[in-house]
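Listed here are the chains, written in short residue letters.
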Amino acid sequence: QVQLVESGGGLVQAGESLRLSCAASGRTFSGYRMGWFRQAPGKEREFVAAISWSSGNTYVTDSVKGRFMISRDNAKNTVYLQMNMLKPEDTAVYYCAAGQLLRALQVVKNYDYWGQGTQVTVSS
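These notes cover the structure that comes with them. None of these values were measured; they are calculated from a predicted model.

Attention now moves to the side chain of Thr 91. Inspection of the secondary structure assignment puts Thr 91 in the loop between β8 (78-83) and β9 (92-100). At a separation of 2.9 Å, a polar atom in the side chain of Thr 91 contacts the main-chain carbonyl oxygen of Pro 88. From its side chain, Thr 91 meets the backbone nitrogen of Val 122 in a polar contact 2.9 Å long. If we ignore the near neighbours within four places in the chain, the residues touching Thr 91 are Ala 40, Gln 119, Val 120, Thr 121 and Val 122.

Here it is as structure tokens:
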């Protein structure tokens, strides 16, 4: 049974940092891409960043480029999202997901497995 378990969310002030973790288990993820998405109240879930499990190639959406960084630790089967210089507009539930490499990386439906989400709240 595939499990993605996020952790690391919380309440911070604008300008501070958080690191989210996603522990993956239940299958081999070679050939997969791990993604981070977020969903703010009343808004659609949106792509934040992704990383190829095998190659380590990364992709970050423009709105967080230069502030957020995605990485992975293959030995721990864990993916991270380092979030710096947080802004109130970054407030959302953050989800970890796994999808096959050949699919478009920013499309929610292209991801097969999802975590339960972790809340990030940034106060001004």
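Here we come to the sheet that holds strand β3 (residues 18-25). Within a sheet, neighbouring strands are paired by backbone hydrogen bonds and run either parallel or antiparallel to one another. Judged by pairing direction, the sheet is antiparallel, and its four strands sit side by side in the order β1-β3-β8-β7 without closing on themselves. Edge positions in the open sheet fall to β1 (3-7) and β7 (68-73), since each of these has one partner strand only. Strand after strand, the sheet turns through a mean of 15 degrees between neighbouring axes, direction not considered. Judged from the six bridges that link them, β3 and β8 form a sheet pairing that is antiparallel. Bridge pairing in β8 links Leu 18 to Met 83.

Another aspect to go through is the environment of Val 5. The residue Val 5 is located in strand β1 in this model. Residue class for Val 5 comes out partly exposed when judged on its relative accessible area of 41%. For Val 5 and Cys 22, which are 17 residues apart along the polypeptide, the C-alpha to C-alpha distance reads 5.3 Å.

Turning our attention to the packing of aromatic side chains. Overall, the coordinates contain eight aromatic pairs when judged by the stated rule. Seen from their ring centres, Phe 29 and Tyr 32 are 5.9 Å apart, and the 90 degrees between their planes marks the pair as edge-to-face. Accessibility expressed as a relative area gives 2% for Phe 29, which makes it buried. On the basis of an interplanar angle of 35 degrees and a centroid distance of 6.2 Å, the ring pair of Tyr 32 and Tyr 113 is categorised as tilted. You can see Tyr 32 sitting in strand β4 (residues 32-39) and its partner Tyr 113 sitting in strand β10 (residues 113-114), a full 81 residues away along the chain. Here a set of aromatic residues connected by ring pairs shows up, and it is made of Phe 37, Phe 47, Tyr 95, Tyr 111 and Trp 114. The ring of Tyr 95 carries Arg 45 above its face, with NZ or CZ at 3.7 Å from the centroid. Across the ring face of Trp 114, the terminal group of Arg 45 is positioned such that the distance to the ring centre comes to 4.9 Å.

Conventions used here
Each chain carries its own residue numbering, running from 1 in the direction its sequence is written. The predicted origin of the model limits local features to residues at a pLDDT of at least 70 and limits the giving and counting of side-chain atom pairs to 80 or more, whereas totals for whole chains, interfaces and linings rest on all residues. Values reported for side chains reflect all heavy atoms of the structure, with hydrogen atoms and water molecules removed beforehand. We count a stretch as a helix when DSSP gives it H or I for four or more residues in a row; a strand needs E for two or more, and each element gets its number in order from the N terminus. Two N or O atoms form a polar contact when they lie within 3.5 Å of each other; inside protein one atom must be a possible hydrogen donor and the other a possible acceptor, and for residues adjacent in sequence the pair counts only when both atoms belong to side chains. Any two residues whose heavy atoms approach within 4.5 Å at even a single point are treated as in contact. We call two strands paired when DSSP finds no fewer than two bridges between them. The axes are straight lines fitted to the C-alpha atoms, using for helices just the contacting stretch, and the angles between their N-to-C directions are given from 0 to 180°. Exposure is judged per residue with a 1.4 Å probe applied to protein chains only, and the accessible area is read against the type maximum: over 50% gives exposed, under 20% gives buried, and values in between give partly exposed. Ring pairs shown here join Phe, Tyr and Trp side chains whose ring centres sit within 6.5 Å, with only the six-membered ring taken for Trp; geometry is labelled stacked below 30 degrees between planes, edge-to-face above 60, and tilted in between. A ring has a charge above it when a Lys NZ or an Arg CZ is no more than 6 Å from the ring centre and no more than 35 degrees off the ring normal.

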